[in-house]
Amino acid sequence: MKYIFVAGAPGSKWSSVVKNIYYSPDVDRTDYTDERTYYHDASGQRELMHLGAYFDPGMEFGKYLHRMPMYTREQLEQDFDEAFTGEGVRIVKSHVFANHIDYIRQTWPDSPIVLVHRSDDACLGWWVKCGHFDITYPDYSEYYQNLRVMATKIREQNQGIADAMWNYKHRGLKEVTTNLELCDVLGIKWPASEFKQNYANNDIKVTVIC
């Protein structure tokens, strides 16, 4: 397993899902830099919300992922790997993966896909509360443009995730309720005890295609 793919719409709280498995000793964390972080107090206290590389059109990496099937596995892996220099499984997260689940599954059958889902309104509301277009990393301005476009993209991405959950429910889809259960399903070691997350308590639905 070279990659763990993560798909979730803006505002799905997918970054918290990633953060709480990111510090597994099995994960390659060389995509982390101070410039690839974002702190905010939307939860009531200032905390690290975004960390590591994000892959999406208009962002630092993944500029062509909205047209993912037009590229070869080798071309895409070159883009994914550009953010990393170390050893271990690489977490590759992109909002637009939501529209290419079948392609990812067919191209990397040995790599799990984590799907993070919340309602459209909850996603948009949380993303706005977290800073909307003032979010400094990643940069949402080029591809998502304005709130109207953002709302449309969230709806499309959530629909893609909902379709995948339905299509794969008898083909290796597993629902998980905590970050530790997610680690077990992914086959990676647990992070330190300070990283604990119950998804229901955070209004998040997390499933894995594996």
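For the structure itself, look to the data block above.
This is a predicted model, so every value here is computed, not measured. (Residues numbered from 1 in each chain as written. Predicted model: local features only at pLDDT ≥ 70, side-chain atom pairs only at ≥ 80, totals over all residues. Heavy atoms only, no water.)

So, about the overall build of the protein. The helix and strand inventory of the protein stands at seven helices and seven strands. N-terminal to C-terminal, the α/β element order of the protein is β-α-β-β-α-β-α-β-α-α-α-β-α-β. In terms of overall size, the protein behaves like a compact globule, its C-alpha atoms giving a radius of gyration of 16 Å where 210 residues would be expected to give roughly 17 Å. Taken along the three principal axes of its C-alpha coordinates, the protein extends 40 × 35 × 35 Å. Taken across its 210 residues, the protein has 56% of its residues classed as buried. In the protein, once contacts between residues fewer than 6 apart in sequence are set aside, the share between residues at least 24 apart is 74%. Of the roughly 9,700 Å² that the protein leaves accessible, carbon and sulfur atoms contribute 47%. Counting 23 positive and 29 negative side-chain charges, the protein places the averaged centre of each group 4 Å from the other. (Helix = DSSP H or I, 4+ residues; strand = E, 2+ residues; numbered from the N terminus. Rg over C-alpha atoms; globule rule 2.2 N^0.38 Å. Buried < 20%, exposed > 50% of the residue type's maximum accessible area, 1.4 Å probe, protein only. Contact = heavy atoms within 4.5 Å. Areas by Shrake-Rupley, 256 points an atom, 1.4 Å probe, with all protein chains shown as cover. Lys, Arg positive; Asp, Glu negative; His and termini not counted. Charge placed at Lys NZ, Arg CZ, Asp CG, Glu CD.)

With omega at -5°, the peptide bond leading from Tyr137 into Pro138 counts as cis. Position of Pro138 among the secondary structure elements: in the loop between α4 (120-129) and α5 (141-144). Within the chain, Lys13 stands out as a residue other than glycine whose phi angle is a positive 65°. If you check the backbone angles, His132 has positive phi at about 40° while not being a glycine. If you trace the backbone, His132 turns up in the loop between α4 and α5.

What follows concerns the layout of surface pockets. Within this model, the largest pocket holds a volume of roughly 390 Å³. Lining the largest pocket are 23 residues, and of these Lys13, Ser16, Glu47, Met49 and Trp126 sit closest to its centre. Elements with a minimum of two residues in the lining of the largest pocket: α1 (14-22), β3 (47-51) and α4. The biggest single contributor to the lining of the largest pocket is α1, with five residues. A volume near 180 Å³ is recorded for the second largest pocket. Glu60, Phe61, Gly62, Lys63, Tyr64, Leu65, Tyr71, Gln75, Leu76, Gln78, Asp79 and Glu82 together form the lining of the second largest pocket. Class assignment of the residues belonging to the lining of the second largest pocket gives a composition of five nonpolar, three polar and four charged. (1 Å grid on protein atoms, 1.4 Å probe; cavity = no way out; pocket = protein on both sides within 12 Å on 5 of 7 lines; lining within 4 Å. Points joined across faces, edges and corners; volume = space filled by probe spheres on them. Nonpolar A, V, L, I, M, F, W, Y, C, P; charged D, E, K, R; others polar.)

Side chains of strand β4 (residues 90-93) alternate between two faces, with Arg90 and Val92 and Ile91 and Lys93 buried alike. Here strand β1 (residues 3-8) runs beside β4; their pairing, made up of four bridges, is parallel. Considered in β4, the bridge of Val6 is made with Lys93. (Pairing = 2+ DSSP bridges.)

This brings us to the packing of aromatic side chains. For the coordinates displayed, the defined rule picks out 20 aromatic pairs. Both rings, one in Tyr23 and one in Phe195, keep their centres 4.8 Å apart while their planes meet at 15°; by these two values the pair is stacked. Of this pair, Tyr23 sits in the loop between α1 and β2 (37-40) while Phe195 sits in the loop between α7 (179-186) and β7 (205-209), placing them 172 residues apart in sequence. Given the relative accessible area of 29%, Tyr23 is considered partly exposed. Relative accessible area serves as the criterion here: at 15%, Phe195 is assigned to the buried category. With centroids separated by 4.9 Å and ring planes inclined at 80°, the aromatic side chains of Trp127 and Phe133 adopt a geometry described as edge-to-face. (Phe/Tyr/Trp six-rings, centres within 6.5 Å; stacked < 30°, edge-to-face > 60°.)

So, on to the pattern of salt bridges. Applying the stated criterion across every chain, the model contains ten salt bridges. For Lys2, the salt bridge goes to Asp81, with nearest N and O atoms at 2.9 Å. Of the two residues, Lys2 is situated in the segment before β1 and Asp81 in helix α2 (residues 73-81); the sequence distance between them amounts to 79 residues. (Salt bridge = Lys/Arg side-chain N within 4 Å of Asp/Glu carboxyl O.)

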